[in-house]
Amino acid sequence: MTTTKQEWQTLWVNVNIATMSDAGNSYGEIKAAALAVANGKIAWLGKQADLPDFDDNKTQVIDGQGQWLTPGLIDCHTHLIYGGNRANEFEMRLQGKSYQEIAEAGGGIVSTVKATREASKDQLLASALPRLTALHQQGVTTLEIKSGYGLDTETEIKMLEVAGTLAEKLPVTIKRTFLGAHALPVEYKDNPEAYVDLVCNEMMPLVAKRQLADTVDVFCENIGFNLSQTERVFASAQKHGLAIKVHAEQLSDLGGTELAAKYSAKSSDHVEFLSNQGIAAMKQADMTAVLLPGAFYFLRETQLPPITQLREQGVAMAIATDANPGSSPICSIQLMLNMACTLFRLTPAEALAGVTCHAAKALDLSDKKGILAVGYDADIAQWNITQPAELCYQFGVNPLTSLIKAGKKVL
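Residues numbered from 1 in each chain as written. Predicted model: local features only at pLDDT ≥ 70, side-chain atom pairs only at ≥ 80, totals over all residues. Heavy atoms only, no water.

In the annotation of an unreviewed UniProt entry, the protein is listed under the name Imidazolonepropionase and assigned to Litorilituus sediminis. Per its UniProt entry, the protein bears the Catalytic activity (unreviewed entry) comment "4-imidazolone-5-propanoate + H2O = N-formimidoyl-L-glutamate". UniProt, in its Subcellular location (unreviewed entry) section for the protein, records the words "Cytoplasm". (UniProt positions renumbered as here; feature names shortened; annotations may be inferred.)

Shown next as structure tokens:
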């Protein structure tokens, strides 16, 4: 009697695997393991001793040399595309200038909006590509990119188009988010309702019709948009079949998270001032809390997110770079892992879940990315480490030895 041998494209042997299938309670470790890939998906994984028969004439076998495999990392909150930079404002702040003085000198988000409007698509692409490359070389295979530095129809569309082009330049999955309601442009500073009209009635239909984004975000904050304005944007997003997320509770407890929960939002991001009611609403709506330690660090904030309460309520916590020119000019996912542990006191397993399974959840990709399991996309990072905690412990030295996207080696 002959038994059918498995036909795989690639088989990793002599590896340890952090499957990240335990929602951050552990790494989901399998030691002395093997993992097989076929047709861009994970076809088998488990103890190497339990390997079924396979056709070694048709399968490329790779010796992992005792290294670790994790899911490809996911950066679920970035503002990667923008014109110019704000290094001059960074210097001004350190020389004692106030936020108001910087704003009066043409700084703040106004300066980024001006530079982004003036930049061509090619210029925006050229400036964003090194940032994306930096993340990719640290193991990122999926990320989200928001618009929000155009604040007019033409530039918001331009940013989303550039995000689409970026996905053609590197082997990464890019999820695009429309953030037209990021701030008030100067031309609408005395008429915010008219700007919300523009976002809902002109920008949103175009974005939806041209399929330039699948999610809509709003900066719901005292310096952003109030609850009424935020709800108008949410209602328009819902009408156009777009998913919802929110920048909320970063600077105050305005209640944006609770409002977003009523609209079945995917995530609430920042959440330093999130209330117990907001946490309960997130739990009820199965939302993800996206923590952004880079912005907390760069702005020298002191109000920590309610990590203990989120943990106790079982709310998934994702980690992201928030890469942007103003409050988190950081393109290091490995630094975020360290900061999540040192600044926010997450365990290394929770932090790694924050850039794998929970980040996938925040992007509505939980059925295909973020864990290593049979049937999932073969987005896999290989690391020269002795234990997964090293990914949170050390940064500045890149332990990535190989990166696999859809079953193919890309780094």
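Before going further, it helps to spend a moment on the pattern of salt bridges. Counted by the stated rule, this structure contains 22 salt bridges. Salt-bridge contacts for Lys 146 lead to Glu 144; the nearest nitrogen and oxygen are separated by 2.7 Å. Members of the salt-bridge network, linked through shared partners, are Lys 41, Lys 369, Asp 377, Asp 379 and Lys 405. (Salt bridge = Lys/Arg side-chain N within 4 Å of Asp/Glu carboxyl O.)

We now examine the sheet that holds strand β11 (residues 267–270). If you walk across this open sheet you meet the eight strands as β6-β7-β8-β9-β10-β11-β12-β13, and the pairing is parallel. At either margin of the open sheet sits one strand with a lone partner, and together these are β6 (73–75) and β13 (317–319). On average, adjacent strands in this sheet sit at an angle of 25 degrees to one another, irrespective of strand direction. Strand direction decides the pairing type here: strand β8 (residues 173–181) and strand β9 (residues 215–220), joined by three bridges, are parallel. When the bridges of β9 are listed, Phe 178 appears paired with Val 216. Across the sheet, helix α7 (residues 227–239) touches β8, β9 and β10 (243–248), and the angle it forms with β9 is around 180 degrees. (Pairing = 2+ DSSP bridges. Helix = DSSP H or I, 4+ residues; strand = E, 2+ residues; numbered from the N terminus. Axes fitted to C-alpha atoms, helices over the stretch in contact; angles between N-to-C directions. Contact = heavy atoms within 4.5 Å.)

Our next topic: the packing of aromatic side chains. A full pass over the atoms with the stated rule returns eight aromatic pairs. Measuring from centroid to centroid gives 6.3 Å for Tyr 195 and Phe 225, while their planes differ by 25 degrees, and the two rings are stacked. Of this pair, Tyr 195 sits in helix α6 (residues 192–209) while Phe 225 sits in the loop between β9 and α7, and the two are 30 residues apart along the sequence. Here Tyr 195 and Phe 225 have matching classes, each one buried. (Phe/Tyr/Trp six-rings, centres within 6.5 Å; stacked < 30°, edge-to-face > 60°. Buried < 20%, exposed > 50% of the residue type's maximum accessible area, 1.4 Å probe, protein only.)

Moving on, we get to the packing of helix α5 (residues 153–169) against α6. Where α5 meets α6, the closest approach of the two axes is 10 Å, and the angle between their N-to-C directions is 35 degrees. Viewed along their axes, α5 and α6 form a crossing whose handedness is right-handed. Residues Thr 153, Glu 156, Ile 157 and Leu 160 of α5 touch α6, and the partners they reach there are Leu 198, Glu 202, Met 203, Leu 206 and Val 207. Of the residues contributing to the contact of α5 with α6, the split by class is six nonpolar, one polar and two charged. (Left-handed = near helix turned anticlockwise from the far one by under 90°. Nonpolar A, V, L, I, M, F, W, Y, C, P; charged D, E, K, R; others polar.)

Residues of helix α3 (residues 109–118) that are buried: Thr 112, Val 113 and Thr 116. Relative to the axis of α3, the buried residues are bounded by an arc of 100 degrees and lie together on one face. Away from its buried face by more than 90 degrees, α3 exposes Lys 114 and Glu 118. Contact partners of the buried residues in α3: α4 (121–136) and α5. (Arc of directions from axis to C-beta.)

Relative to the helices and strands, Asp 217 resides in strand β9. Among the residues examined, Asp 217 registers a relative accessible area of 1% and is labelled buried. Within polar-contact distance, the side chain of Asp 217 engages the side chain of Lys 146 at 2.8 Å. Within polar-contact distance, the side chain of Asp 217 engages the backbone nitrogen of Val 246 at 3.5 Å. The contact partners of Asp 217, leaving out residues within four places of it in the chain, are Lys 146, Thr 177, Phe 178, Leu 179, Ala 181, Lys 245, Val 246 and His 247. (Polar contact = N/O pair within 3.5 Å; in protein donor to acceptor, adjacent residues only side chain to side chain.)

To continue, consider the pairing of β8. Burial analysis of β8 places eight of its nine residues in the buried class, the great majority of the element. In the sheet, strand β7 (residues 140–146) pairs with β8 via five bridges, with the strands oriented parallel. Paired with Leu 143 across the two strands is Ile 174, which belongs to β8.

Counted at 1.5 Å a residue, the expected span for α7 with its 13 residues is 18 Å, and the 18 Å between its end C-alpha atoms agrees. Elements that come into contact with the buried residues of α7 comprise β8, α6, β9, β10 and α8 (256–262). Looking one or two places after α7, you find Gly 241, whose phi comes out positive at around 70 degrees. (Expected span 1.5 Å × (residues − 1).)

On to the domain arrangement of the protein. Split by domain assignment, the protein resolves into domain 1 (10–72 + 371–409) and domain 2 (73–363). The C-alpha centroid of domain 2 is placed 30 Å from the C-alpha centroid of domain 1. When the two sides are added together, the surface that domain 1 and domain 2 hide from each other amounts to roughly 1900 Å², 67% of it contributed by carbon and sulfur. The largest contributions to the domain 1 side of the interface with domain 2 come from Cys 392, Phe 395 and Lys 405, which together make up 30% of the buried area. (Domains from an automatic or database assignment. Buried area = accessible area lost by both parts, 1.4 Å probe.)

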